[in-house]
Amino acid sequence: MTADGGLETVRAGALTTVQDLGRPGYAHLGVPRSGALDLPAHRLANLLVGNPESAATLETTLSGCAVRVLAPTTAVVTGAPCPVAVDGRPAPWGQPVRLRAGAVLEAGAATHGVRSYLGFAGGVEAERVLGSRATDLLSGLGPAPLRDGAVLPLGVPSPAGGGAVPDAAPWRTPGSELVLPVGYGPRDDWFTAEGLRTLVTGTYRVAAASNRIGLRTEGPALARRREGELASEGMPLGAIQVPPEGRPVLFLADHPTTGGYPVIGVVPAAALSAAAQAAPGTAVRFTPVRSGSVQGAAEIPPPR
């Protein structure tokens, strides 16, 4: 159900998309999960405006965005810290603000991290595709990325008394280094012992070509013992695929579900929200998972 009014896009920014928890369960149809890259930031935005975590938010990229609300509502900005303004006047980041009809809410360029999240009471009511309102850049499912002048409806806010809503919540600022736990496999046998050591001892940096599909890296190449390509096989969220140039690519929410380059290891899904906030140039280290240190991840044996 939609409420009166909605959102009019005043400034779309570099890339602003509608995101929710995604559409899991369709990989066999070639459809990735998609959804918010930084799920904790998305959930926090919804919590602060009294929505269920499944409500849709706006995910910005680096330069933020600005929207005009067409009816009174409550909104909040979480995720990457950034200057927030209402009708050109400073407003708090990470705290809900009440907006009059016609007010312009602007999330500025990220001062740390990459992606900010704009939550609105009732959530963004874009049309559902396969049960989700998420924009999937790879498949094209879901609403198109925002363009200046585009209008999106908002849902009806949750009834008062549906649960305590905090005034604000703490948030951790993205660090200067991204440390990602990784378990080897399933195609680690395509790499030399030195290549396996390089993955967990080398220092990489986030490449500018990174996007919602994958975090690309710059740094030392991983030596292979086998050349050529695999027959296309399934690719999970968090897979570290190694293309012919030898530099790891970490698959994120809009990743392809199949591929023919070897996957040397997998990063647990719980660690991927930090990758969502790693700006180009950020140092990246992959650290071997030891038994029991990360729930759901396989243990990495010593490199062969």
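Everything numeric in this text was worked out from a predicted model, so none of it was measured. (Residues numbered from 1 in each chain as written. Predicted model: local features only at pLDDT ≥ 70, side-chain atom pairs only at ≥ 80, totals over all residues. Heavy atoms only, no water.)

(A) Molecular detail of the environment of leucine 44. On the secondary structure map, leucine 44 appears in helix 1 (residues 39–48). Distance from leucine 44 to glycine 119, taken between C-alpha atoms, is 8.8 Å for residues 75 residues apart in sequence. (Helix = DSSP H or I, 4+ residues; strand = E, 2+ residues; numbered from the N terminus.)

(B) Molecular detail of the pattern of salt bridges. One pass over the full model with this rule turns up 11 salt bridges. Between aspartate 87 and arginine 100 there is a salt bridge; the shortest N-O distance is 3.0 Å. Of this pair, aspartate 87 sits in the loop between strand 6 (84–86) and strand 7 (89–91) while arginine 100 sits in the loop between strand 8 (97–99) and strand 9 (104–107), and the two are 13 residues apart along the sequence. What makes aspartate 87 partly exposed here is its relative accessible area of 37%. One salt bridge connects arginine 187 with glutamate 233, and the closest N-O pair in it is separated by 2.8 Å. Of the two residues, arginine 187 is situated in the loop between strand 12 (177–184) and helix 2 (193–201) and glutamate 233 in strand 15 (residues 233–234); the sequence distance between them amounts to 46 residues. Three or more residues joined by partner-sharing salt bridges are found here, namely Glu59, Arg115, Arg212 and Asp254. (Salt bridge = Lys/Arg side-chain N within 4 Å of Asp/Glu carboxyl O. Buried < 20%, exposed > 50% of the residue type's maximum accessible area, 1.4 Å probe, protein only.)

(C) Examining the pairing of strand 20 (residues 283–288) more closely. Of the strand pairs in this sheet, strand 12 and strand 20 are connected by six bridges, and their pairing is parallel. Paired with leucine 180 across the two strands is phenylalanine 286, which belongs to strand 20. As defined by bridge partners, strand 13 (residues 204–206) adjoins strand 20 across two bridges and the pair is classed as antiparallel. Paired with tyrosine 204 across the strands is valine 284, a residue of strand 20. (Pairing = 2+ DSSP bridges.)

(D) Looking closely at the sheet that holds strand 13. A barrel is described by the order of its strands in space; here seven strands give the closed sequence 12-19-16-17-14-13-20, paired in mixed fashion. In this sheet, adjacent strand axes meet at a mean angle of 40 degrees when their direction is disregarded. Packed onto the sheet, helix 2 meets strand 12, strand 13, strand 19 (263–266) and strand 20 and runs at close to 145 degrees relative to strand 12. (Axes fitted to C-alpha atoms, helices over the stretch in contact; angles between N-to-C directions. Contact = heavy atoms within 4.5 Å.)

(E) Representation of the side chain of threonine 17 in the model. With respect to the secondary-structure elements, threonine 17 resides in strand 2 (residues 17–19). For threonine 17, a relative accessible area of 1% puts it in the buried group. A distance of 3.0 Å separates a polar atom in the side chain of threonine 17 from a polar atom in the side chain of glutamine 19. In this structure, threonine 17 is in contact with Thr57, Leu58, Glu59, Thr135, Leu137 and Pro145, ignoring residues within four places of it in sequence. (Polar contact = N/O pair within 3.5 Å; in protein donor to acceptor, adjacent residues only side chain to side chain.)

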